[in-house]
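Examining the three-dimensional arrangement
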Amino acid sequence: MTAEPREDAKRLAFDPIDAARAQWAHNGWAEAADGMAVITSLMRAHQIVLARVEATLRPLGVTFARYEVLMLLWFSSRGTLPMKVIASRLQVHPTSVTNAVDRLEDAGLVTRSTHPDDRRAVIVALTRGGRELAERATAALNAEVFERPDLTDADLRDLFEVLSRLRSTAGDF
């Protein structure tokens, strides 16, 4: 895949992040200029990708956070996981998982039950409707976002490697 501009992209006459980098250097923060530009670019890239993901999932009535819960359950051998495991694997606070599971349960996409061996633990199970929605959402995301990330194959490999190092250094794994 080649990296080409999107047809619907709104163009500025200049790169505002690159301009900010020049201002950083001009104002005496040269040692921080490249880091500021990279972090700001990463945050802008997050906005761009999140907007594409949300636009793809919105017609299906699911957010990306809820989709992630559905897919964790879909990938699990039994279609069930303890809430604590979901929070750990998604690397989010348990409250975030509780909120997502609340909405998924209200929509009939998952069920909750008490763990048979530990009454304090809650098990989340994927319903047939949840499995079907996860499959439809994955097909849509693959077609609209994951297969067309607007980067070359080499860019994808390099970016994944760089971001993996960043995540590893931060203690993700």
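Remember, it's a predicted structure, so these values are computed and weren't measured experimentally.

**Some points on the overall build of the protein**
When you go through the protein residue by residue, the secondary structure sums to 7 helices and 3 strands. Reading the protein from its N end, one meets helices and strands in the order α-α-α-β-α-α-β-β-α-α. Against the 2.2 N^0.38 benchmark of 16 Å for 173 residues, the protein shows a C-alpha radius of gyration of 20 Å, more extended than a compact globule. With the principal axes as the frame, the protein shows a C-alpha extent of 65 × 35 × 25 Å. Burial status across the protein gives 24% buried among its 173 residues. Considering only intrachain contacts with a sequence separation of at least 6, the fraction spanning at least 24 residues in the protein is 54%. Carbon and sulfur atoms make up 56% of the accessible area of the protein, which totals about 12,100 Å². Distance from the positive charge centre (22 side chains) to the negative charge centre (24 side chains) of the protein: 7 Å.

**Considering the packing of helix α1 (residues 16-26) against helix α2 (residues 30-57)**
The N-to-C vectors of α1 and α2 enclose an angle of 160°; their axes lie 8 Å apart at closest approach. As far as their axial angle goes, α2 and α1 are roughly antiparallel. With respect to the hand of their crossing, α1 and α2 are arranged in right-handed fashion. Touching Ile17, Ala20, Arg21, Trp24 and Ala25 of α1 are Ala30, Ala32, Ala33, Asp34, Met36, Ala37, Thr40, Ser41 and Arg44, all from α2.

**A word on the confidence of the model for the protein**
Do not read the fine detail of predicted coordinates wherever pLDDT is low. Of all residues in the protein, 95% attain a pLDDT of 70 or more, and the chain-wide mean is 93. For the protein, per-element mean pLDDT is lowest for helix α4 (residues 83-90), which scores 95, and highest for helix α6 (residues 128-146), which scores 98.

**Quick word on the environment of Asp34**
As for its position among the elements, Asp34 is in helix α2. With relative accessibility at 48%, the residue Asp34 sits in the partly exposed group.

**Describing the pattern of salt bridges**
As enumerated under the stated definition, the model contains 9 salt bridges in all. Note that Arg112 is salt-bridged to Asp102, the shortest N-O span being 2.3 Å. Of the two residues, Arg112 sits in strand β2 (residues 110-114) while Asp102 sits in helix α5 (residues 94-106), which places them 10 residues apart along the sequence. The class for Arg112 is partly exposed, based on a relative accessible area of 27%. Classification of Asp102 as partly exposed rests on a relative accessible area of 24%. It is possible to trace a salt-bridge network through shared partners that takes in Asp18, Arg21 and Asp34.

**Overview of the sheet that holds strand β1 (residues 80-82)**
A sheet is described by the order of its strands in space; here 3 strands give the open sequence β1-β3-β2, paired in antiparallel fashion. Where the open sheet ends on each side, the last strands, each with one partner, are β1 and β2. Neighbour-to-neighbour, the strand axes of this sheet turn through a mean angle of 25°, independent of strand direction. Against the sheet, α4 engages β1, β2 and β3 (122-126), with an angle of about 85° to β1.

**Some details on the packing of helix α3 (residues 64-75) against α4**
At a minimum axis separation of 11 Å, α3 and α4 run at an interaxial angle of 115°. In terms of orientation, α3 lies roughly perpendicular with respect to α4. α3 and α4 meet at a crossing whose hand is right-handed. Listed contacts from α4 to Glu68, Val69, Leu72 and Leu73 of α3 are Ile86, Arg89 and Leu90.

Thresholds applied
- Every chain is numbered on its own, with residues counted from 1 as its sequence reads.
- Local features in this predicted model are restricted to residues of pLDDT 70 or higher, and side-chain atom pairs are both shown and tallied only at a pLDDT of 80 or more, whereas totals for entire chains, interfaces and linings draw on every residue.
- The basis for every side-chain value is the complete set of heavy atoms in the structure, and neither hydrogens nor water enter the calculation.
- What counts as a helix is a DSSP run of H or I of at least four residues, what counts as a strand is a run of E of at least two, and both are numbered from the N terminus.
- Atoms counted for the radius of gyration: C-alpha only. Globule rule: 2.2 Å times the number of residues to the power 0.38.
- Note on exposure labels: buried denotes an accessible area under 20% of the residue type's maximum, exposed denotes more than 50%, and partly exposed covers the range between, all computed with a 1.4 Å probe on protein chains only.
- Should any heavy atoms of two residues lie within 4.5 Å, those residues are considered in contact.
- Exposure was quantified through the Shrake-Rupley algorithm and a 1.4 Å probe, taking into account, for residues, occlusion by the shown protein chains and nothing else.
- Residues scored as charged are limited to Lys and Arg (positive) and Asp and Glu (negative), so that His and the chain ends carry no count.
- Each charge is placed at NZ for Lys, CZ for Arg, CG for Asp and CD for Glu.
- To obtain an axis, a line is fitted to C-alpha atoms, over the contacting stretch when the element is a helix, and the angle between two such axes runs from 0 to 180 degrees between their N-to-C directions.
- Our angle categories are set so that under 35 degrees counts as roughly parallel, over 145 as roughly antiparallel, 65 to 115 as roughly perpendicular, and the remainder as oblique.
- It is the rotation of the near helix from the far one that decides the hand of a crossing: anticlockwise by less than a right angle makes it left-handed, clockwise makes it right-handed.
- How sure the predictor is of each residue is captured by pLDDT, a score from 0 to 100.
- By salt bridge we mean one thing: a side-chain nitrogen of Lys or Arg within 4 Å of a carboxyl oxygen of Asp or Glu.
- Only strands joined by at least two bridges in the DSSP assignment are considered to pair.

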